[in-house]
Amino acid sequence: MSPDKPMKFEKKDLLDIESLSVKEIELILDTAESLKEISTRPIKKVPTLRGKTIVHFFHEPSTRTRTSFEIAAKRLSADTVSISASNSSIVKGETLIDTARNLQSMNPDAIVLRHNAAGAPHMLARLVQASVINAGDGTHAHPSQTLLDIMTVREKKGHLKGLRVAIIGDIAHSRVARSDTIGFIKMGAEVVLAGPPTMIPKGIEALGASVTYHVREAIKDADVIMMLRIQKERQQAFLFPSEREYAQCYGLNTVTLAGARDDVLIMHPGPINRGVEIAPEVADGPYSVILDQVTNGVAVRMAILYLVIGGQR
Amino acid sequence: MKPTLIKGGHVVDPETGVDGVMDVLVEEGKISAVGHETGTPQAPWEVIDASGKVVTPGLIDIHTHLREPGHEYKETIETGCLAAAHGGFTAICCMPNTEPVNDNQSVTDYILKKAKMAGTVRVYPVGAISQGLHGERLAEYGEMKDAGVKGVSDDGNPVMNAQLMRRALEYAKGFDLVVISHCEDLDLTAKGVMNEGALATRLGLAGIPNAAESVVVARDIALCELTEAPLHIAHVSTEESVRMIRQAKARGALVTAETTPHHFTLTEEAVIHYNTHAKVSPPLRTARDREAVRQGLADGTIDIIASDHAPHSSIEKEVEFDAAANGLIGLETSVPLSLRLVEKGLIGLKDLVAKMSINPARLLRLPHLGLKVGNPADLTILDLDKRFVLDANALKSKSRNTPFDGWRLRGQAAMTMVGGKVVAANS
């Protein structure tokens, strides 16, 4: 952040990575880096968002993202309210639009939405005056996750340009894979996607990534390896035969990792399936920055909230 | 009823081959003369000035959903018929996926009674292929045929059992009923909500591959040839389907096909921004598919244009894209969108009229084709030059789910006449 000419974040909402410019991404990352220190203080609170109200509306289960957003909001002194599908009127049959209109009537400053339908935050953003922050929509986008992933890589590597990022697993059902592909490519990195052909969605190359069905090929020369969670239910959709075979052919273990660079970073958006997509020795090993991602998650979300509702837009 | 003289219109009748400026005289609900100087207008004749306009045999939309009985909040037989009349249609077929399903004589009777009360366009119900649309047992075609159905279809609930489809084709043949197939493999569709491909991947929406349609088109053509029974393929959306139908016709198979204005007008790009009004089954496809569908219309592979008019209320459409119902309304946009094909030079006007009147009438085995003396006076007057901006709120349909709201369109039905009675007039 150049101190003489501070850039403002102009958007009302944060819906996806696609709609962010490189400058906006850099602004969020720079802000996150300067806010990160707050979480290490004995008194982890600044008054920046005092008097602001943030609704955390989680229509789908989440531990990490939800806690991360709530902690971020509280460290900035915002008042927070939390709603989940099971404790809201959704179970009584209220539509998203009606819920949104009712929430808007209580004048929150931001609504952080996690939803199982792609495009739900975009619909909400059109309906409410509050800022909408997408905390993950279906298999579409997860912008705050991507921002924390980029922040973590930039922090460890010092730069992003020219890095090779391998994203491995169920690309088809992953919003993280889509947002990370778009985000890392936007920041000048190269992205290779890998997984069984059943999990590679049609036309993903249009995002600018290359595709391979061989994990070793993806890992070779990679500066970053991002492993994705495999959901057991996908077996019923005939995407893979068993967790055992998946672990053998597409999982990351010490044997496959032997083909990687010495300074590789191992990442995972969580929650991890130990022994399926990632072996415990790798998840807990020296290359893993999985917990740094979580730490940076709080900083990135503080930055998002600060930029979207803190300044004068 | 006073005799009506429709004067000076450009009559286009693919059935009789008439294509020129002439008069049409209507007496006692029937056509009594077509030609030049059919008589000097005299009192008490009604005279309709059709100069500068096109007079065609009544347009027929063989694929609509009128939602009654069961879902009257979306559309009623009365409002659907009114939308049809204003769209230029003198007759429409309504699909059986109502509640209760039209799989028996009493529902068919009810629909026909309501249509008669509405008193505008003719309604030809389509009965169910299987009882309750469950795909398990044949519905009673004999009794439904007596009650007035003109074909059978499990539209919306595709027949997944090939043996049931075979038997339906055979059994329907005994009653001279056409089987109308909504070709879709539901296992391939799975949770898909739009066309599969790069756009669906970018939007994070589950895709429906072209193969979900074409594997069933292939199956049904094979069954059509096996049974030598007529098969009509509804709403063709993919290049592969067009190709297979073309080849089957070349072999002499008894197959016919329809497509919709939205499939030959739009592509999958219409769903960008998660526009639920563009969510439809089969989904809007790529520009390549749209081009193949247009070529299929041009070379006669696709015989019929039908709207697949599918009214839904805001309850079904103002929701998340994944949760939204499939379908859009088409009765009042079918004519202007179809006329764009003529404007683009893809097909001739006479060919277009055939695809919207004579070909549908022939498919339904209707007894009176074209503007012939003695036939019921079902005709449409088209104003090809009428320019307007579509206003969804001004439509006669009870629903508003159209992706064409705000479109600048050209060409509209100026008047619709059924049995000599003017049922709609647009100025």
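Predicted model only: the values in this text are computed from it and were never measured.

Q: Explain the overall build of chain B to me, and be specific about the residues and the numbers.
A: Helices and strands together make up the secondary structure of chain B, namely 13 helices and 18 strands. Against the compact-globule benchmark of 22 Å for 427 residues, chain B has a radius of gyration of 21 Å, which places it among compact chains. In terms of overall dimensions, chain B has C-alpha extents of about 65 × 45 × 45 Å along its principal axes. Relative to its 427 residues, chain B shows a buried fraction of 61%.

Q: Outline the pairing of strand 8 (residues 224–227) of chain A, supporting the account with residue identities and numerical values.
A: Residues and elements named next belong to chain A. Burial along strand 8 is two-sided: Val224 and Met226 and Ile225 and Met227, pointing in opposite directions, are all buried. Judged from the four bridges that link them, strand 5 (residues 164–168) and strand 8 form a sheet pairing that is parallel. Of the residues in strand 8, the one forming a bridge with Ile168 is Met227.

Q: Explain the sheet that holds strand 2 (residues 79–84) of chain A residue by residue, including any values.
A: Two pairing modes exist for strands in a sheet, parallel and antiparallel, and in both the strands are linked by backbone hydrogen bonds. Residues and elements named next belong to chain A. Across the sheet, which stays open at both edges, the four strands sit in the order 2-1-3-4 with parallel pairing between neighbours. In this open sheet, the two edge strands, each paired with only one partner strand, are strand 2 and strand 4 (131–137). Neighbouring strand axes in the sheet, compared pairwise and without regard to direction, differ in orientation by 15 degrees on average. Where strand 1 (residues 53–58) lies against strand 2, six bridges are found, and the strand directions are parallel. Within the sheet, the bridge partner assigned to Phe58 lies in strand 2 and is Ser84. Against the sheet, helix 4 (residues 120–127) engages strand 3 (110–115) and strand 4, with an angle of about 170 degrees to strand 4. Against the sheet, helix 11 (residues 290–310) contacts strand 1, strand 3 and strand 4, and its axis sits at roughly 150 degrees relative to strand 4.

Q: Which residues make up the confidence of the model for chain B, and what values go with them?
A: Low pLDDT marks stretches whose predicted atomic positions should not be read closely. For chain B, per-residue confidence averages 97 on the pLDDT scale, and residues scoring 70 or more make up 98% of the total. Across the predicted assembly, pTM comes out at 0.94 and ipTM at 0.93.

Q: Tell me what's going on with the packing of helix 4 (residues 162–173) of chain B against helix 7 (residues 211–227) of chain B, and back it up with residues and numbers.
A: Residues and elements named next belong to chain B. Across the interface, helix 4 lies against helix 7 with an axial gap of 10 Å and an inter-helix angle of 40 degrees. In this view, helix 4 runs oblique relative to helix 7, as classed from their interaxial angle. Like other packed secondary-structure pairs, helix 4 and helix 7 cross with a definite hand, here right-handed. Side by side, helix 4 and helix 7 meet where Ala162, Met165, Arg166, Leu169, Glu170 and Lys173 of the first sit next to Arg219, Asp220, Leu223, Cys224, Leu226 and Thr227 of the second.

Q: Got a sec to walk through the nonpolar core? Specific residues and values, please.
A: Grouped together as the largest cluster of nonpolar side chains are 66 residues, with contacts concentrated most on Ile92, Val123, Ile129, Tyr141, Val152, Met165 and Ile233 of chain B. The contact partners of Val152 of chain B, leaving out residues within four places of it in the chain, are Val126, Gly127, Ala128, Ile129, Tyr141, Met144, Ala172, Leu177, Val178, Val179 and Ile180 of chain B. Counting residues in hydrophobic clusters, the runner-up holds 62 residues, among them Leu29, Val46, Ala189 and Val289 of chain A.

Q: Explain the interface of chain A and chain B residue by residue, including any values.
A: Tallying the contact residues gives 21 residues for chain A and 15 residues for chain B. In this assembly, chain A packs against chain B so that about 1400 Å² is buried in total across both faces, 56% of it on carbon and sulfur atoms. For the interface between chain A and chain B, the tally reads one salt bridge. Of the charged contacts, one joins Arg202 of chain B and Glu18 of chain A as a salt bridge, the two residues approaching to 2.6 Å between their closest N and O atoms. There are six residue pairs in polar contact (both at pLDDT 80 or more) connecting chain A and chain B. The set of elements that each furnish at least two residues to the side of chain A that touches chain B consists of helix 3 (96–104) and helix 4 of chain A. For the side of chain A that touches chain B, the element with the highest residue contribution is helix 4 of chain A, accounting for four residues.

Q: Please set out a negative patch on the surface residue by residue, giving values where relevant.
A: A cluster of like negative charges, contributed by Asp109, Glu140, Glu143 and Asp146 of chain B, occupies part of the molecular surface. Inspection of the secondary structure assignment puts Glu143 of chain B in helix 3 (residues 141–147).

Q: Talk me through the packing of aromatic side chains; I want residue IDs and the actual numbers.
A: Residues and elements named next belong to chain A. Following the criterion strictly, the structure yields five aromatic pairs over all chains and no others. When the ring of Tyr246 is compared with that of Tyr250, the centres are 5.5 Å apart and the planes differ by 35 degrees; the resulting orientation is tilted. You can see Tyr246 and its partner Tyr250 sitting in helix 8 (residues 243–250), four residues apart, about one turn around the helix. The buried category is assigned to Tyr246, whose relative accessible area is 1%.

Q: Can you break down the pattern of salt bridges residue by residue, with the values?
A: Where charged atoms from two side chains of opposite charge come close, those side chains can pair. All names here are of chain A. Inspection of every chain in the model, using the stated rule, returns 36 salt bridges over all chains. Put simply, Asp13 and Lys12 hold a salt bridge, and the shortest N to O gap is 3.0 Å. When its relative accessible area of 13% is taken as the criterion, Asp13 is described as buried. Exposure remark for Lys12: the relative accessible area of 22% places this residue in the partly exposed category. Residue Arg175 pairs with Glu60 through a salt bridge whose shortest N-O separation is 3.0 Å. Here the residue Arg175 occupies a position in helix 6 (residues 175–186), and Glu60 occupies one in the loop between strand 1 and helix 2 (64–75), the gap between them amounting to 115 residues. When its relative accessible area of 13% is taken as the criterion, Arg175 is described as buried. Three or more residues are tied together by salt bridges with common partners; here these are Lys157, Asp223, Arg261 and Asp263.

Q: Help me get a handle on the packing of helix 7 of chain B against helix 8 (residues 239–250) of chain B, residues and values and all.
A: Pairs of packed helices are described in terms of their axes, by the angle between the two and the distance that separates them. Residue and element names in this part refer to chain B. Between helix 7 and helix 8, the shortest axis-to-axis distance is 9 Å and the interhelical angle comes to 15 degrees. Overall, the two elements helix 7 and helix 8 adopt an arrangement that is roughly parallel. Seen from above, helix 7 lies across helix 8 with right-handed handedness. Packed against helix 7, whose contacting residues are Glu213, Ser214, Val217, Ala218 and Ile221, the element helix 8 presents Glu240, Ser241, Met244, Ile245 and Ala248 at the interface. Here the residues of the contact of helix 7 with helix 8 sort into six nonpolar, two polar and two charged.

Q: Give me the sheet that holds strand 7 (residues 89–94) of chain B: which residues, what numbers.
A: Residues and elements named next belong to chain B. The strand order across the open sheet formed by three strands is 6-7-8, and the pairing between neighbours is parallel. In this open sheet, the two edge strands, each paired with only one partner strand, are strand 6 (59–64) and strand 8 (122–125). Going from strand to strand, the sheet's axes swing by 20 degrees on average, the running direction of each strand aside. Relative to strand 7, strand 6 runs parallel, the two being bridged by four bridges. If you follow Asp61 over to strand 7, its bridge partner there is Ile92. Against the sheet, helix 1 (residues 77–87) touches strand 7 and strand 8, its axis set at about 140 degrees to strand 7. Strands in contact with helix 2 (residues 105–118) are strand 7 and strand 8; relative to strand 8, the strand with the most contacts, it is inclined by about 170 degrees.

Q: Help me get a handle on the side chain of Asn134 of chain A, residues and values and all.
A: All names here are of chain A. Summarising the element assignment, Asn134 is placed in strand 4. Overall, the relative accessible area of 0% leaves Asn134 in the buried class. At a separation of 2.8 Å, a polar atom in the side chain of Asn134 contacts the main-chain carbonyl oxygen of Leu15. Here the side chain of Asn134 touches Asp137 through a polar contact of 2.9 Å, side chain to side chain.

Analysis parameters
Residues numbered from 1 in each chain as written. Chains lettered and ligands numbered in written order. Predicted model: local features only at pLDDT ≥ 70, side-chain atom pairs only at ≥ 80, totals over all residues. Heavy atoms only, no water. Helix = DSSP H or I, 4+ residues; strand = E, 2+ residues; numbered from the N terminus. Rg over C-alpha atoms; globule rule 2.2 N^0.38 Å. Buried < 20%, exposed > 50% of the residue type's maximum accessible area, 1.4 Å probe, protein only. Pairing = 2+ DSSP bridges. Axes fitted to C-alpha atoms, helices over the stretch in contact; angles between N-to-C directions. Contact = heavy atoms within 4.5 Å. pLDDT = per-residue confidence, 0-100. Parallel < 35°, antiparallel > 145°, perpendicular 65-115°, else oblique. Left-handed = near helix turned anticlockwise from the far one by under 90°. Core = buried A, V, L, I, M, F, W, Y, C linked by side-chain atoms within 4.5 Å. Buried area = accessible area lost by both parts, 1.4 Å probe. Salt bridge = Lys/Arg side-chain N within 4 Å of Asp/Glu carboxyl O. Polar contact = N/O pair within 3.5 Å; in protein donor to acceptor, adjacent residues only side chain to side chain. Patch = residues over 30% accessible without salt bridge, like charges linked within 9 Å, V, L, I, M, F, W, Y side chains within 5 Å. Areas by Shrake-Rupley, 256 points an atom, 1.4 Å probe, with all protein chains shown as cover. Lys, Arg positive; Asp, Glu negative; His and termini not counted. Charge placed at Lys NZ, Arg CZ, Asp CG, Glu CD. Phe/Tyr/Trp six-rings, centres within 6.5 Å; stacked < 30°, edge-to-face > 60°. Nonpolar A, V, L, I, M, F, W, Y, C, P; charged D, E, K, R; others polar.

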